[in-house]
Amino acid sequence: GAGVSQSPSNKVTEKGKDVELRCDPISGHTALYWYRQRLGQGLEFLIYFQGNSAPDKSGLPSDRFSAERTGESVSTLTIQRTQQEDSAVYLCASTDGRLRQGYEQYFGPGTRLTVT
Amino acid sequence: GIQVEQSPPDLILQEGANSTLRCNFSDSVNNLQWFHQNPWGQLINLFYIPSGTKQNGRLSATTVATERYSLLYISSSQTTDSGVYFCAVEPGNYGGSQGNLIFGKGTKLSVKP
């Protein structure tokens, strides 16, 4: 079946502008995650949605970052007043349940954000 | 919070060679996964292995949860194995964020023809 999809694949924006990144999880997956990967680095957790529970926002680096999810479908990550340090690949993942119950995460191809 | 350390950070192999990648973690875990990030950036699931041993073709993995480490074995390496291998864990005691994976910094593997 279809995997996790993300759009756009690449985004170049000027410093100070707002950007929206989109993630379509695997159909039926209840959990959705956003991560950030800076060049040559590992993945940093940003935010986690599990069903209808309140999202875990503990990884968001500043109040310029926010995310929404409509039910158990599409999610949008918004970065306001972008800064050059926001340049990174933003990865979305989904699972069919809770990780502690043994469900694997599946990742999308990412959105490469460049702030000039 | 939990620390995840991978070694070696970089590895260069000749095609056909075998290798072992290591992941140490500092606390109990509920979930451990190995991923391969290919040169195009896509993360591909290799193993879900919070304990025990699994094999998939030329790849196998072993996690010894009581000793807090996991090993990924690559046999008869091929140039297509190049990329970055990540170990990621979900802490078992709700330390820090819960429900998400904590990633190591990865092992960058280059397989030369």
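For the structure, see preceding data.
What counts, and where the lines are drawn
Residues numbered from 1 in each chain as written. Chains lettered and ligands numbered in written order. Predicted model: local features only at pLDDT ≥ 70, side-chain atom pairs only at ≥ 80, totals over all residues. Heavy atoms only, no water. Contact = heavy atoms within 4.5 Å. Buried area = accessible area lost by both parts, 1.4 Å probe. Salt bridge = Lys/Arg side-chain N within 4 Å of Asp/Glu carboxyl O. Polar contact = N/O pair within 3.5 Å; in protein donor to acceptor, adjacent residues only side chain to side chain. Helix = DSSP H or I, 4+ residues; strand = E, 2+ residues; numbered from the N terminus.

Q: What exactly am I supposed to notice about the interface of chain A and chain B here?
A: The interface of chain A with chain B comprises 21 residues on the first partner and 22 residues on the second. For the chain A and chain B pair, buried surface summed over both sides reaches about 1,800 Å², with 48% attributable to carbon and sulfur atoms. Inspection of the chain A/chain B interface yields zero salt bridges. In this assembly, chain A and chain B are joined by five residue pairs in polar contact (both at pLDDT 80 or more).

Q: Help me understand unusual backbone geometry, please; the structure alone is not making it clear to me.
A: Apart from glycine, the bulk of residues carry a negative phi angle, and the bulk of peptide bonds sit in the trans form. Cis rather than trans, the peptide bond between Ser7 of chain A and Pro8 of chain A has omega equal to -10°. The residue Pro8 of chain A is located in the loop between strand 1 (5–7) and strand 2 (10–13) in this model. In this structure, the amide linkage connecting Ser7 of chain B to the following residue, Pro8 of chain B, adopts the cis form with an omega of -10°. Inspection of the secondary structure assignment puts Pro8 of chain B in the loop between strand 1 (4–7) and strand 2 (10–14). One non-glycine residue, Arg81 of chain A, lies in positive phi territory at about 45°. Mapped onto the fold, Arg81 of chain A is located in the loop between strand 7 (75–79) and strand 8 (88–95).

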